[in-house]
Structure formats: structure tokens, C-alpha cells
Amino acid sequence: MAVPNRKISKSRKGMRRSHDHVPVPAVVLCACGEPTLPHRICPSCGTYRGRQMLRKDDAE
């Protein structure tokens, strides 16, 4: 079994793990004021790029 010769310092361990974080999702505000994901229909009002894509009863 392989055994490390020296202890890995906290700094080196942190530098190795610097890219392992969970990315923060991008959020845009719809015209109705609700936060939504970009390039997607707003789930609360049903609009996309200023056009009504879903009827009010479909969005609920």
C-alpha cells in the first residue's frame, strides 16, 4: 500500500480543492419581478423575452 512521505499542508490541500466548489446558478429578474433562470420561461407569469408563452392557467 502506498504511504505518503510527508504530510500535505492545509494550504496545498486547499489549493488542490479550489475548483471543487458548487457553482452559483445565474439568476435574472423577470418583468414580473420573480427570479428565474436565464433563457427559460418564467414559471410565475409564463413570459419569455417579453412575449406570453404560457397561458395563466398553464403556468399554475
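Use the structure listed above.
These notes cover the structure that comes with them. All figures in this text were calculated on a predicted structure; none of them were measured in a lab.

1. Quick word on the layout of surface pockets
Volume-wise, the largest pocket comes out at about 180 Å³. If you go around the largest pocket, you meet 14 residues; those closest to its centre are Cys 30, Arg 40, Thr 47, Tyr 48 and Arg 49. Listed by contribution, the elements that provide at least two residues to the lining of the largest pocket are β1 (28-29) and β3 (47-48).

2. Thoughts on a positive patch on the surface
On the surface, a cluster of positive charge is made up of Lys 7, Lys 10, Lys 13, Arg 16 and Arg 17. Looking at the element boundaries, Arg 17 is found in the loop between α1 (10-16) and β1.

So, how was this worked out
- Residues numbered from 1 in each chain as written.
- Predicted model: local features only at pLDDT ≥ 70, side-chain atom pairs only at ≥ 80, totals over all residues.
- Heavy atoms only, no water.
- 1 Å grid on protein atoms, 1.4 Å probe; cavity = no way out; pocket = protein on both sides within 12 Å on 5 of 7 lines; lining within 4 Å.
- Points joined across faces, edges and corners; volume = space filled by probe spheres on them.
- Helix = DSSP H or I, 4+ residues; strand = E, 2+ residues; numbered from the N terminus.
- Patch = residues over 30% accessible without salt bridge, like charges linked within 9 Å, V, L, I, M, F, W, Y side chains within 5 Å.
- Areas by Shrake-Rupley, 256 points an atom, 1.4 Å probe, with all protein chains shown as cover.
- Salt bridge = Lys/Arg side-chain N within 4 Å of Asp/Glu carboxyl O.
- Lys, Arg positive; Asp, Glu negative; His and termini not counted.
- Charge placed at Lys NZ, Arg CZ, Asp CG, Glu CD.

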